[in-house]
Amino acid sequence: MFEVLENETLAPALHRMVLRAPRIAAARRPGQFVIVRRAEGAERIPLTIGDADEAAGTLTLFVQAIGAGTRDIVAVPPGGCLRDVAGPLGQPTHIENWGRVTCVGGGVGTAVLYPLAKALAAAGNRVTTIIGGRSAPLVILEKELADFSAEVRVTTEDGSRGRQGFVTHELTELMADSATCPRAVFAIGPVPMMRAVAELTRPTAIPTLVSLNPIMIDGTGMCGGCRVMIGSEARFACVDGPEFDGHQVDFQSLADRLTMYRDHEAQCRVGLQP
Amino acid sequence: MLNNLSAKERLGIERVKMPEQDAIARSRNFAEVNLGLTLEQAMREAQRCLACKSRPCVAGCPVEVAIPEFVTALAAGELTVAARILMGDNALPAVCGRVCPQEVQCEAKCVRGARGLPVAIGYLERFVADWAMANAEDLAVESRPVPTGKQIAVVGCGPAGLTAAGELARRGHEVRIFEALHDTGGVLRYGIPEFRLPKAIIDAEVARLSRLGVDIECNVIIGKTLTLGQLREQFDAVFIGNGAGLPVMLGIPGENLKGVYSANEYLTRVNLMGAGQFAESATPILRGRNVAVIGGGNTAMDCVRTARRLGAERAMIVYRRGESEMPARVEEIHHAKEEGVEFVMLTAPLAVLGDTQGWVRALACQAMELGEPDASGRRRPVPVSGSAFELPADVVINALGTRANPLLTATEPDLKLNRWGNIESDAQGATSLPGVFAGGDIVRGGATVILAMGDGKRAAAAMEAYLGQV
Ligand SMILES: Cc1cc2nc3c(=O)[nH]c(=O)nc-3n(C[C@H](O)[C@H](O)[C@H](O)COP(=O)(O)OP(=O)(O)OC[C@H]3O[C@@H](n4cnc5c(N)ncnc54)[C@H](O)[C@@H]3O)c2cc1C
Ligand code: FES
């Protein structure tokens with residue numbers, strides 16, 4: 001049993017939850033995730049570790065309630081318990097000082113991006129962050145990201161906040177000027193967004209890292225359900241990922257496989273984005 | 001009673017038939033297929049044993065259960081005695097009585113098999129174990145030994161880990177099992193289906209260990225949550241029994257279409273998560289009307305029979321050799337046939353074919369014929385030219401097998417592995433790291449429950465010796 005210490009609503013259906021899991025808090029590195037099972041009979045749901053406090057023995061998760069499983073999780077009040085929390089899973093992000101990097105977050109993918117951007121800034125990078133969403137309430141963590149980003153650019157599709165349009169417009173702008181063009185790009189969000197970013201950086205071969213969210217079960221490489229095509233090779237996102245070279249990812253097959261249980265409401269994915 | 005029968009009279013008794021659930025009914029439910037013998041049936045079958053001095057059956061058993069002795073006690077109706085003997089040698093008899101391949105182990109060695117059918121040792125083992133579980137709780141509750149003060153970590157809660165843990169706890173050590181998943185049993189729980197091994201049996205065996213003082217902690221992945229190095233610092237010795245949980249991929253086009261599962265994923269969804277089995281399970285599964293399972297082992301049989309139970313109209317085994325070459329237990333093949341499973345033999349998959357939406361629609365296949373024997377001694381299948389055909393399917397399950405999962409071993413460069421990634425150990429289970437022992441599938445590659453248990457038992461003895469030295 002893992003006790004929930006805090007549960008706060010950040011945006012409609014987006015919760016920030018803090019739970020006690022000392023071993024995971026001590027072992028985790030940015031980019032890793034946990035698998036959570038709310039109760040007996042519930043699904044195993046992968047969730048990125050947003051932050052951790054080793055001294056306090058706590059983990060912070062950003063959970064968007066998009067299906068029955070995640071709705072169940074965010075319904076647990078402080079003092080309540082999650083039956084199972086296993087991790088940290090996946091490979092930590094390879095953090096280095098590139099000099100100038102751009103972090104791109106779409107929707108709740110921004111929550112997944114947060115620990116990564118923070119680690120990149122801590123490593124000495126000048127981080128420009130671009131976050132976007134359909135409309136203002138879906139743009140999250142702007143303040144938190146601003147704490148360590150040199151600049152935070154916001155876009156919404158309906159123009160209700162920041163510039164109207166897509167995150168890729170901002171990235172195109174940054175890339176056009178040699179003074180702002182990033183040495184590496186980190187993109188986390190819906191599959192079409194990550195694919196668009198990867199296409200944008202492909203011609204100039206700017207290293208581009210994306211974080212994939214296939215359906216998972218065990219998270220330990222045992223079932224193969226999370227396989228994704230990287231180049232011509234099948235890789236398991238739970239052990240080899242979840243981050244991969246965006247220029248190598250077969251986004252089509254990923255997007256396709258994510259619809260495997262579309263008739264079944266509850267889904268089980270890394271990251272949180274629809 | 002019958003106990004003073006002459007050898008001739010014993011030879012005159014016919015081998016018992018296991019009562020089974022009706023084949024049509026059971027092909028649509030998850031209840032256990034084999035119903036178990038009655039006391040009369042079990043005692044009569046036990047009478048067939050000639051109690052020969054040479055005890056060849058014992059040599060055929062990887063954990064050397066005192067078979068003639070427990071069978072003789074059963075024949076005399078002395079069930080408590082029989083149970084004590086059996087449980088003294090085998091930590092999980094109710095499991096082994098159900099899933100061991102007796103036909104190639106103890107029963108293969110039975111002298112009665114030379115002329116006629118061997119004694120049904122597996123059925124008798126199951127009978128005695130079930131009887132003990134139902135009637136002799138007190139027998140199973142062992143008194144706790146004097147604590148030694150030594151602490152042991154066991155990685156993995158499958159048959160290897162459970163056996164090692166039990167043996168070590170019985171010697172008075174403080175044992176803690178770390179399990180990556182949220183539940184116990186390893187393959188017994190996530191792989192082998194309810195209709196072959198009811199989960200209540202695993203629960204009962206695990207509860208017995210808990211009463212012995214074994215502490216089981218789930219959701220701890222060694223190599224991730226804690227490292228092997230941390231375990232070595234915090235415990236006096238470590239046993240690794242983390243299994244062979246890494247699916248071998250098909251490596252043919254179309255493997256990523258929607259509807260293609262590895263056997264591990266398919267079985268885990270149904271067995272561990274309860275998908276399709278219990279209404280309260282939130283985990284989804286594609287049921288499939290035409291399900292093609294690739295492979296010929298126990299895992300393939302478990303998948304195909306599960307597919308039938310989830311409602312498949314056609315549930316097919318696709319195997320590149322012939323039926324007699326299939327590695328699955330004879331009983332599973334027989335049961336699968338009775339349940340309406342189709343056997344598409346001498347057929348190799350070429351590609352999984354999809355529709356425009358990315359869903360599986362068929363398996364492209366090629367007919368094979370058997371040529372010269374290969375390294376394994378089995379005749380090698382060779383393609384028949386011009387024989388390609390399509391098998392309509394909406395779910396394809398890959399049951400080609402598993403390999404060693406590198407999650408733990410990759411984090412410990414000093415732990416010596418063989419070229420397939422299995423941990424190298426000596427006959428006693430000692431690895432290249434002092435105080436670290438290993439056994440089961442992580443050492444052998446995909447093997448059997450009883451071999452994993454034998455490893456756990458031997459390693460526990462070696463660990464005892466090691467702890468005496470340090
Ligand atoms: C579908 C199927 C059917 C089978 N049918 C039969 C049969 O009829 N008869 C038979 O004899 N054999 C059968 N087998 C084989 C048999 O199940 C295995 O040989 C046996 O379970 C191996 O035992 P083990 O203890 O080595 O490993 P497992 O049973 O694999 O247990 C290993 C445990 O370790 C855990 N683990 C893995 N990595 C870690 C880690 N890093 N940290 C913590 N825990 C970890 C796993 O989650 C698992 O619970 C079957 C196998 C399958 C897959
Ligand atoms: S989730 Fe099962 S292998 Fe990745």
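Owing to the predicted nature of the structure, the values given are computational and were not obtained by experimental measurement.

Criteria and thresholds
Residues numbered from 1 in each chain as written. Chains lettered and ligands numbered in written order. Predicted model: local features only at pLDDT ≥ 70, side-chain atom pairs only at ≥ 80, totals over all residues. Heavy atoms only, no water. Core = buried A, V, L, I, M, F, W, Y, C linked by side-chain atoms within 4.5 Å. Buried < 20%, exposed > 50% of the residue type's maximum accessible area, 1.4 Å probe, protein only. Helix = DSSP H or I, 4+ residues; strand = E, 2+ residues; numbered from the N terminus. Contact = heavy atoms within 4.5 Å. Buried area = accessible area lost by both parts, 1.4 Å probe. Salt bridge = Lys/Arg side-chain N within 4 Å of Asp/Glu carboxyl O. Polar contact = N/O pair within 3.5 Å; in protein donor to acceptor, adjacent residues only side chain to side chain. Nonpolar A, V, L, I, M, F, W, Y, C, P; charged D, E, K, R; others polar. Near = heavy atom within 4 Å. Areas by Shrake-Rupley, 256 points an atom, 1.4 Å probe, with all protein chains shown as cover. Phe/Tyr/Trp six-rings, centres within 6.5 Å; stacked < 30°, edge-to-face > 60°.

1. Some thoughts on the nonpolar core
Residue and element names in this part refer to chain B.
Part 1 of the argument: Grouped together as the largest cluster of nonpolar side chains are 75 residues, with contacts concentrated most on Ile67, Leu74 and Leu124.
Part 2 of the argument: The leading source of residues in this core is helix H20 (residues 449-469), at 10 residues.
Part 3 of the argument: Not counting the four nearest positions on each side in its chain, Leu124 is found in contact with Leu37, Ala42, Glu45, Ala46, Phe70, Val71, Leu74 and Val119.

2. Details of the interface of chain B and chain A
Part 1 of the argument: Across the contact, 42 residues belong to chain B and 41 residues belong to chain A.
Part 2 of the argument: Of the roughly 3,300 Å² buried between chain B and chain A on both sides combined, carbon and sulfur atoms contribute 56%.
Part 3 of the argument: In this structure, B:Lys258 and A:Asp256 form a salt bridge, with 3.6 Å as the shortest nitrogen-oxygen distance.
Part 4 of the argument: Inspection of the chain B/chain A interface yields 17 residue pairs in polar contact (both at pLDDT 80 or more).
Part 5 of the argument: If you list the elements that add at least two residues to the side of chain B that touches chain A, you get strand E2 (174-178), strand E5 (260-262) and helix H15 (263-272) of chain B.
Part 6 of the argument: With four residues, H15(B) is the single largest residue contributor to the side of chain B that touches chain A.
Part 7 of the argument: For the side of chain B that touches chain A, the per-class residue count stands at 20 nonpolar, 14 polar and eight charged.

3. As for the side chain of B:Asn219
Part 1 of the argument: Tracing the backbone shows B:Asn219 in the loop between strand E3 (215-217) and helix H14 (228-234).
Part 2 of the argument: At a separation of 2.8 Å, a polar atom in the side chain of B:Asn219 contacts the side chain of A:Asp84.
Part 3 of the argument: Beyond its immediate chain neighbours, meaning those up to four positions away, B:Asn219 contacts A:Phe2, A:Arg83, A:Asp84, A:Val85, A:Ala86, B:Glu179, B:Ala180, B:Leu181, B:His182 and B:Thr225.

4. What to know about the pattern of salt bridges
Residue and element names in this part refer to chain B.
Part 1 of the argument: Counted according to the given criterion, the structure contains 51 salt bridges over all chains.
Part 2 of the argument: Among the ionic pairs, Arg26 bridges to Glu338, the shortest N-O distance being 2.7 Å. A residue pair is termed long-range when its members are at least 10 positions apart, and Arg26 in helix H2 (residues 23-26) and Glu338 in helix H17 (residues 330-338) qualify at 312 residues.
Part 3 of the argument: Arg26 gets classed as buried once you look at its relative accessible area, which sits at 0%.
Part 4 of the argument: For Glu339, the salt bridge is made with Arg305, and the minimal N-O distance between the two is 2.9 Å. With a gap of 34 residues between them, Glu339 in the loop between H17 and strand E8 (342-344) and Arg305 in helix H16 (residues 298-309) connect regions that are remote in the sequence. Each member of the pair, Glu339 as well as Arg305, carries the same accessibility label: buried.

5. So, the environment of A:Thr155
Residues and elements named next belong to chain A.
Part 1 of the argument: Along the chain, the position of Thr155 falls in strand E10 (residues 151-156).
Part 2 of the argument: Of the residues examined, Thr155 reaches a relative accessible area of 2% and is grouped as buried.
Part 3 of the argument: For the pair Thr155 and Val139, spaced 16 residues apart in the sequence, the C-alpha separation amounts to 8.3 Å.
Part 4 of the argument: Once residues lying within four places of it in the same chain are set aside, the contact partners of Thr155 are Ile131, Gly132, Gly133, Val139, Arg161, Arg163, Gly165, Phe166, Val167 and Glu170.

6. Concerning the site of ligand 1
Residue and element names in this part refer to chain B.
Part 1 of the argument: Near ligand 1 you find 33 residues, and of these Val99, Glu179, Arg196, Ile222 and Asp441 are the closest.
Part 2 of the argument: Within the side chain of Glu179, an N or O atom sits 2.6 Å from an oxygen atom of ligand 1.
Part 3 of the argument: A distance of 3.0 Å separates an oxygen atom of ligand 1 from a polar backbone atom of Val187.
Part 4 of the argument: For ligand 1, whose accessible area on its own is 1,000 Å², the fraction buried by protein is 94%.
Part 5 of the argument: Every element with two or more residues in the shell around ligand 1 is listed here: helix H11 (159-170), H16 and H20.
Part 6 of the argument: Here the shell around ligand 1 takes three residues from H16, the largest share from any one element.
Part 7 of the argument: Tallied by class, residues from the shell around ligand 1 come to 18 nonpolar, 11 polar and four charged.

7. Some words on the packing of aromatic side chains
Part 1 of the argument: On inspection of all chains with the given rule, the structure shows six aromatic pairs over all chains.
Part 2 of the argument: Each ring, one from A:Phe62 and one from A:Tyr114, has its centre 6.1 Å from the other, and the planes form 75°; the classification is edge-to-face. Note that A:Phe62 is positioned in strand E5 (residues 58-64) and A:Tyr114 in helix H3 (residues 109-122), a separation of 52 residues in sequence.
Part 3 of the argument: Since its relative accessible area comes to 5%, A:Phe62 is described here as buried.
Part 4 of the argument: Residue classification places A:Tyr114 among the buried positions, given a relative accessible area of 10%.
Part 5 of the argument: Between the aromatic rings of B:Phe30 and B:Phe195, the centroid separation amounts to 6.4 Å while the plane-to-plane angle is 45°, which identifies the pairing as tilted. Linking B:Phe30 in the loop between H2 and helix H3 (39-46) with B:Phe195 in the loop between helix H12 (187-190) and helix H13 (199-211), this pair joins segments that are 165 residues apart in sequence.

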